[in-house]
Amino acid sequence: MSFTSFHFYVFLIALVILLRFIQHNGQKKMLLLLASYWFYMSWDWRFGALLFAMTAVNFYCGRLIRYSARPKIWLAVSLVFSLGVLGLFKYFNFFLTNLDAVAAMLGMSSHINILHIILPVGISFYTFQALSYTIDIYRRQLDPVGSLADFALFVSFFPQLVAGPIVRASYFLPQLTQHTYADSAAQQEGVMLIIRGLIKKVLLADVLALHLVDPAFADYANQSSAFLVLALIGYSFQVYLDFSAYTDIARGCARLLGYQLPVNFNRPYLADSISNFWQRWHISMSSFFRDYLYHGLGGSKHGNVYINLVLTFVAIGVWHGAGWNFLLYGFCHGVLVAFERYMRRYGWFDKQTGWRWALAVLRTFFLVCLLRVMFRAEDLHHAGGYLQAIWHNMALSFHLTAAGAVALLVAVILHLIPQHYIALWQQRYLTIPQLLQASVVVLLLYSMLMLGAGEAPFIYFQF
Amino acid sequence: MAKDSQIWKTLLLALILFMLMEFLLQLRAQLKFGNSILTAAFADNSAQGSLFVQHNGYQLLAADVEFEGSSIKVKSNQLGLRSAAVGPKTNSNIRVIALGASSTYGAYAATNDDTFPAILQRISSDIPLEVINAGIPGNDISSQYLLYAEQLAALSEDVLILYSGLSNDVGRLCQRNGAAKSYALPQLQAPKWLLSVDLLLKNSTDLRYVPYKYSPMPDLSPYLQQYAASLRQIVELAQQRQVKTILFAENLRAFRNDQPLQLQQQLAASALYYTPCLTVGQFSEVFERYNQVQQQIAAEYTDVHYVRLSEQVPGGREYFTDSVHFSAKGELAIAAALAQVLKDTRQVAP
């Protein structure tokens, strides 16, 4: 059930209307829990059991961590189970394939059969959410929740279930204890966030994919260098718009249901260093890795901070997918962040202003774009091929449709506009006559139909 | 809800505007083509309310109904075909069945008399022809065989003209994961009769078309095998019925390889709506491959002839209203070409 499907909006509106008639908080949460499982099982009903197992194990581990004499053991059970399930579905075949390759290199015959399993949608997201609960209890930063249903709703809450933001238990569980009600301002904010997300996804991200990014990556050998470079820039904007669109819609839905989800992006391509980029990009994930892995490894206090940084970013890379390209993507970012940290001793990468800041932003943006090749290409071979084609295909002609060019231009301009201006426009939109507001909505709907590429899935669904 | 937020009022108003636009489009379809969702809504019975009736594996028009709009008037006969009433066969007439899909039916033909089968009957004055139009929109080659086998068995035709059309067959090329087993829960879909969606999508394919995109040619083999098998079934059934002549008409299109690429894209727009995974060049290749299959099958049998029509009915807007459907001039041209074939080959001399 994609956020861009007709079915989803029927589901959402029906849910919002039903919730208006429910006065009891427990009944409201139960309805949301059922709706969330329905939402998740609409992809594949078999996933429901996995989601429930992840919920039940972490719920009881949380209690045992607090109330048993051996909290470490129960934390280990939670970690092994959660990461084991994630590893089995996401990384096991990658491990087997590489084992097979190593065996072949050593001249040993192997008879390894890969598992024919599909990756459950959103598993990386809800695994981390569930883990944040048990780790926070272990660290005495959170008390175990008394109700399995509340915890199940926290893990499965449908707006953020399949592509985040990764919500900490300490952020969301307290919201469940109150009978939250979406007031007029919350409803307005929710609807505006959903509309904003749909515009980003359908009118910009999908158009960039169709007209610029997909043609370049599908046939890079026959595309000109200029087109390939433009497609890399286009991809950087596509992935940002696609993912931030999902977050906007998720936050909008949560607001309509009376809850809050955290902000996940802060104009990441205005970062003036790679470390600043990660403070602005997928904030809920990078802060998760910072708090639970980097600090766990010792952070800047224990061990070698540079190694800790590189290891954390390798984990971030691998979190995105099982492949050497993702591993190298994380490694490169880790090395760059470590380099920046080291060079700060000498005054490099300090806060800049004016044209120096602009140059730093451009430098960071192009580095991020360049590394995105590994993120988008099927594997390292294709990533290398793409970069070689940029070098070799200088003489080929340059193509770009008007729709692709306009989408890229609008994406860049929207990124440069400060958030408060966008908020101001939204406020102004709400002051124009309602008939005009409604006409704009219909016009947007028609534009989405004309320019959209069907129900293209969100990029982060695969992670 | 109303007291909660102005935004809900705006959304409700937007929905009303959308429905108003939809109503206006349905009204336009009703006035122009005599058929829309309004027909079904205000009909006394189902036969009056729907132009098409679904059978097992194919469709027909509702029998003996008339739909009239300012552009198109459709009158069906007792068999559910866009043709005059079919009576007992007389020895003085040569009975011809024109089997096919929307191009044979006459998607843009103003009246029954303006379809190429009707024109063929009219202009073949030196040969007494009775041409039955058995073209029904939406029927692919398998459906055409079923219709021919189940509904047209007692017509004792002398000649069978097959203009199969390809849209309904080729449309499957771009369908994804059709065969994969799905464990997903059922999902609601937007109603298929929403004209505001359909018209917008059909008239904006060029906005979504990327001329330089790389798209691998889908594997045509299973589709071509199915096409060949159905053609053989039709021929063998016709020969069992002792049909004297079977003509496979070349499947035509508005866009041709010798036109400038820009023009080809414009002319192919409505076809690419159904097959967004293909480029214009690939679409042309698909046509060629299907037509080659017709040629091969025709060569396997005696009294089966493949009729080339692309010279008499060249591409472009003059002969085609959209990518594959004929304009009035196109209907005349194809009828004239077929009449000439029948006359020249003397295949149908009584």
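Analysis parameters
Residues numbered from 1 in each chain as written. Chains lettered and ligands numbered in written order. Predicted model: local features only at pLDDT ≥ 70, side-chain atom pairs only at ≥ 80, totals over all residues. Heavy atoms only, no water. Helix = DSSP H or I, 4+ residues; strand = E, 2+ residues; numbered from the N terminus. Rg over C-alpha atoms; globule rule 2.2 N^0.38 Å. Contact = heavy atoms within 4.5 Å. Areas by Shrake-Rupley, 256 points an atom, 1.4 Å probe, with all protein chains shown as cover. Lys, Arg positive; Asp, Glu negative; His and termini not counted. Charge placed at Lys NZ, Arg CZ, Asp CG, Glu CD. Buried < 20%, exposed > 50% of the residue type's maximum accessible area, 1.4 Å probe, protein only. Buried area = accessible area lost by both parts, 1.4 Å probe. Salt bridge = Lys/Arg side-chain N within 4 Å of Asp/Glu carboxyl O. Polar contact = N/O pair within 3.5 Å; in protein donor to acceptor, adjacent residues only side chain to side chain. Nonpolar A, V, L, I, M, F, W, Y, C, P; charged D, E, K, R; others polar. Bend = angle between axes of the 7 residues up to and from the residue. Pairing = 2+ DSSP bridges. Axes fitted to C-alpha atoms, helices over the stretch in contact; angles between N-to-C directions. Core = buried A, V, L, I, M, F, W, Y, C linked by side-chain atoms within 4.5 Å. Domains from an automatic or database assignment.

**Notes on the overall build of chain B**
Now for step 1: When you go through chain B residue by residue, the secondary structure sums to 13 helices and nine strands.
Now for step 2: Taken over C-alpha atoms, the radius of gyration comes to 22 Å for chain B, in line with the 20 Å a tight globule of 350 residues would show.
Now for step 3: Summarising its shape, the C-alpha atoms of chain B cover approximately 80 × 50 × 45 Å along the three principal directions.
Now for step 4: Of all intrachain contacts in chain B linking residues separated by at least 6 positions in sequence, the fraction that spans at least 24 positions is 72%.
Now for step 5: Working note: accessible area of chain B is about 16,400 Å², and carbon and sulfur atoms make up 54% of it.
Now for step 6: Side-chain charges of chain B comprise 28 positive and 30 negative groups, with the mean position of each set lying 5 Å from the other.

**Overview of the overall build of chain A**
Now for step 1: What chain A contains, in helices and strands, is 19 helices and zero strands.
Now for step 2: Scaling as 2.2 N^0.38, a compact globule of 463 residues should have a C-alpha radius of gyration of about 23 Å, and chain A matches this with 23 Å.
Now for step 3: With the C-alpha coordinates of chain A rotated into their principal frame, the extents come out at 70 × 70 × 50 Å.
Now for step 4: Residues classed as buried in chain A amount to 55% of the 463 residues present.
Now for step 5: Look at the contacts in chain A between residues 6 or more apart in sequence, and 77% of them connect residues 24 or more apart.
Now for step 6: Looking at chain A as shown, the accessible area adds up to about 20,300 Å², and 68% of this sits on carbon and sulfur atoms.
Now for step 7: Looking at charge distribution, chain A has the averaged site of its 30 positive side-chain charges lying 10 Å from that of its 19 negative ones.

**Describing the environment of A254(B)**
Now for step 1: By the element assignment, A254(B) lies in the loop between β8 (245-249) and α11 (261-274).
Now for step 2: C-alpha of A254(B) to C-alpha of G138(B): the two residues are 116 residues apart in sequence and 19 Å apart in space.

**Things to note about the interface of chain B and chain A**
Now for step 1: Facing the 36 residues of chain B at the interface are 47 residues of chain A.
Now for step 2: In total, chain B and chain A occlude about 3,700 Å² of area from one another, counting both sides; carbon and sulfur atoms represent 70% of this.
Now for step 3: Among the residues of chain B in contact with chain A, Y183(B), L185(B) and Y212(B) are the three that bury the most area, contributing 20% of the side total.
Now for step 4: Viewed at the interface, chain A and chain B are joined by zero salt bridges.
Now for step 5: At the boundary of chain B and chain A, one finds six residue pairs in polar contact (both at pLDDT 80 or more).
Now for step 6: Those elements that place two or more of their residues in the side of chain B that touches chain A are α1 (6-33), α8 (195-202) and α9 (205-208) of chain B.
Now for step 7: Take the side of chain B that touches chain A: its biggest share by element is eleven residues, from α1(B).
Now for step 8: By residue class, the composition of the side of chain B that touches chain A is 25 nonpolar, seven polar and four charged.

**A short note on helix α9 (residues 184-218) of chain A**
Now for step 1: Of all the bends in α9(A), the greatest measures close to 45 degrees and is centred on A209(A).
Now for step 2: Taking burial as the measure, the 35 residues of α9(A) include 27 buried ones, the bulk of the element.

**Topic: the sheet that holds strand β7 (residues 159-163) of chain B**
Residue and element names in this part refer to chain B.
Now for step 1: Read across the sheet, five strands follow the order β6-β5-β7-β8-β9 without closing on themselves; strand pairing throughout is parallel. Each of the sheet's edge strands pairs with one partner strand only, and the pair in question is β6 (129-135) and β9 (304-307). With direction set aside, neighbouring strand axes in the sheet form an average angle of 20 degrees.
Now for step 2: With respect to the sheet, helix α6 (residues 141-151) is in contact with β5 (94-100) and β7, its orientation differing from that of β5 by roughly 145 degrees.
Now for step 3: Strand contacts of helix α12 (residues 280-300): β7, β8 and β9, with the helix running at about 155 degrees to β9, the strand carrying the most contacts.

**Here's the deal with the nonpolar core**
Now for step 1: Core analysis: the biggest nonpolar cluster contains 148 residues, and F8(A), Y133(A), W278(A), W281(A), Y386(A) and Y460(A) have the highest contact counts within it.
Now for step 2: With 19 residues, helix α10 (residues 225-257) of chain A is the largest single contributor of residues to this core.
Now for step 3: Two domains share this core, each providing at least three of its residues, namely domain 1 (25-178) and domain 2 (185-451) of chain A.
Now for step 4: Of all hydrophobic cores here, the second largest spans 90 residues; its members include I97(B), I141(B), Y227(B) and I297(B).

**Remarks on the pairing of strand β2 (residues 58-61) of chain B**
All names here are of chain B.
Now for step 1: Neither face of β2 is open: one carries Y58 and L60, the other Q59 and L61, and all of them are buried.
Now for step 2: The sheet contact formed by strand β1 (residues 52-55) and β2 spans four bridges and is antiparallel. Among the inter-strand pairings, Q54 is bridged to a residue of β2, identified as Q59.
Now for step 3: Where β1 folds back on β2, the antiparallel hairpin that results is connected by two residues, among which G57 adopts a positive phi of roughly 95 degrees.

**What to know about the domain arrangement of chain A**
Residues and elements named next belong to chain A.
Now for step 1: Along its sequence, chain A is carved into domain 1 (25-178) and domain 2 (185-451).
Now for step 2: With centres defined by C-alpha atoms, the gap from domain 1 to domain 2 works out at 26 Å.
Now for step 3: Taken together, the contact between domain 1 and domain 2 spans 30 residues of the former and 27 residues of the latter.
Now for step 4: Counting across the interface, domain 1 meets domain 2 through one salt bridge.
Now for step 5: Of the charged contacts, one joins D291 and R168 as a salt bridge, the two residues approaching to 2.9 Å between their closest N and O atoms.
Now for step 6: Counting across the interface, domain 1 meets domain 2 through eleven residue pairs in polar contact (both at pLDDT 80 or more).
Now for step 7: Of all the elements in the fold, those that place two or more residues in the side of domain 1 that touches domain 2 are α2 (25-41), α4 (71-105), α5 (123-138), α7 (158-161) and α8 (169-177).
Now for step 8: Among the elements that take part in the side of domain 1 that touches domain 2, α5 stands out by supplying six residues, more than any other.
Now for step 9: Among the residues forming the side of domain 1 that touches domain 2, the class breakdown is 18 nonpolar, six polar and six charged.

**Describing the side chain of S102(B)**
Now for step 1: One can find S102(B) in helix α4 (residues 102-105).
Now for step 2: Apart from residues no more than four positions distant in its own chain, S102(B) is found in contact with A107(B), I136(B), P137(B) and H325(B).

**Here's the deal with the side chain of N77(B)**
Residue and element names in this part refer to chain B.
Now for step 1: If you trace the backbone, N77 turns up in the loop between β4 (73-75) and β5.
Now for step 2: For N77, a relative accessible area of 2% puts it in the buried group.
Now for step 3: At 3.1 Å, the side chain of N77 and the backbone oxygen of A84 are in polar contact.
Now for step 4: Once residues within four sequence positions are removed from consideration, N77 is found in contact with A63, D64, S83, A84, A85 and V86.

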